[in-house]
Amino acid sequence: MRLFRRGESASTLDLLVAGLGNPGREYERTRHNAGWLVLDELARRHGGSWKSKFSGSLGEVRLDDARLALLKPETYMNDSGRSVGAAARFYKVEPEQLLVVHDDVDLEHGRVQARRGGGLAGHNGLKSLAQHLGSQEFLRLRIGVGRPGRGDPRPVADWVLSPFSPEDDAEALVARGADAVEAVVADGLDEAQQRFN
């Protein structure tokens, strides 16, 4: 069953996909930018190009007959809601038409999990979104980046801001994240959960 049916919403979009991350070269390939990396992969696969809008980078793509907007907020993680909130108002999307792709330290590295709503788990990007949207019921795609291993003295905040290591196989993780977004669009959340969670 498809997630979206034409004519039910005031929005011109089927889905607004927001990938969380931080601007700046020093953050480009870090664990905290997993959301941005997944959106870059989706844009690459579907011929999207980026323009500056909503204090971020915006691309519009089609997946079969579904119209998606891809948004990478460039406000820094803890103010992501300002960018996503502006885009959500512009496109008139309801929370269930917003999919937020973000890193998650509570999910082991390499796992991907789709869900609707839930807690904020201390994630500053999600806190900002909930505040600006007035809801926590948006869809999420959690990209598991794990925690520092035994003997690694780094605090979690430093861990997520450090680059993926070669053994992390970031490309495979990002590809899996992009596959999961495509599955949510094509087959709906329940089906995507069965395949990826």
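Look a little higher up for the structure.
So, here's what we can say about the structure. (Residues numbered from 1 in each chain as written. Predicted model: local features only at pLDDT ≥ 70, side-chain atom pairs only at ≥ 80, totals over all residues. Heavy atoms only, no water.)

## Here's the deal with the environment of Asp 103
Okay, step 1: Counting through the fold element by element, Asp 103 comes out in strand 5 (residues 98-104).
Okay, step 2: Taking the C-alpha atoms as reference points, Asp 103 and Val 145, 42 residues apart in sequence, are found 6.2 Å from one another.
Okay, step 3: Among the polar contacts made by the side chain of Asp 103, one reaches the side chain of His 32 at a distance of 2.8 Å.
Okay, step 4: Within the local environment of Asp 103, its side chain forms a polar contact with the side chain of His 123, the two groups lying 3.1 Å apart. (Helix = DSSP H or I, 4+ residues; strand = E, 2+ residues; numbered from the N terminus. Polar contact = N/O pair within 3.5 Å; in protein donor to acceptor, adjacent residues only side chain to side chain.)

## Considering the pattern of salt bridges
Okay, step 1: In total, this model carries 13 salt bridges according to the counting rule given.
Okay, step 2: Note that Arg 44 is salt-bridged to Glu 41, the shortest N-O span being 2.7 Å. Separated by 3 residues within a single helix, Arg 44 and Glu 41 lie in helix 1 (residues 34-46), roughly one turn from each other.
Okay, step 3: Put simply, Arg 45 and Asp 179 hold a salt bridge, and the shortest N to O gap is 2.7 Å. Of this pair, Arg 45 sits in helix 1 while Asp 179 is found in helix 5 (residues 170-187), placing the two residues 134 residues apart along the sequence.
Okay, step 4: When its relative accessible area of 27% is taken as the criterion, Arg 45 is described as partly exposed.
Okay, step 5: Among the residues examined, Asp 179 registers a relative accessible area of 31% and is labelled partly exposed.
Okay, step 6: Three or more residues joined by partner-sharing salt bridges are found here, namely Glu 41, Arg 44, Arg 45, Asp 179 and Glu 182. (Salt bridge = Lys/Arg side-chain N within 4 Å of Asp/Glu carboxyl O. Buried < 20%, exposed > 50% of the residue type's maximum accessible area, 1.4 Å probe, protein only.)

## Some thoughts on helix 5
Okay, step 1: With 18 residues, helix 5 should reach 26 Å at 1.5 Å per residue; the first-to-last C-alpha distance of 25 Å fits that figure.
Okay, step 2: Of all the residues in helix 5, the buried ones are Ala 170, Leu 173, Val 174, Gly 177, Ala 178, Ala 180, Val 181, Ala 183, Val 184 and Val 185. (Expected span 1.5 Å × (residues − 1).)

## Some remarks on the environment of Asp 106
Okay, step 1: Checked against the element boundaries, Asp 106 lands in the loop between strand 5 and strand 6 (112-116).
Okay, step 2: A relative accessible area of 45% places Asp 106 in the partly exposed class.
Okay, step 3: Taking C-alpha positions, Asp 106 is 20 Å from Ala 178, a pair spaced 72 residues apart along the chain.
Okay, step 4: In this view, Asp 106 contacts Ala 121, Arg 142 and Arg 147; residues no more than four positions away in its chain are not counted.
Okay, step 5: In terms of polar contacts, Asp 106 uses its side chain to reach the side chain of Arg 147, at 2.7 Å. (Contact = heavy atoms within 4.5 Å.)

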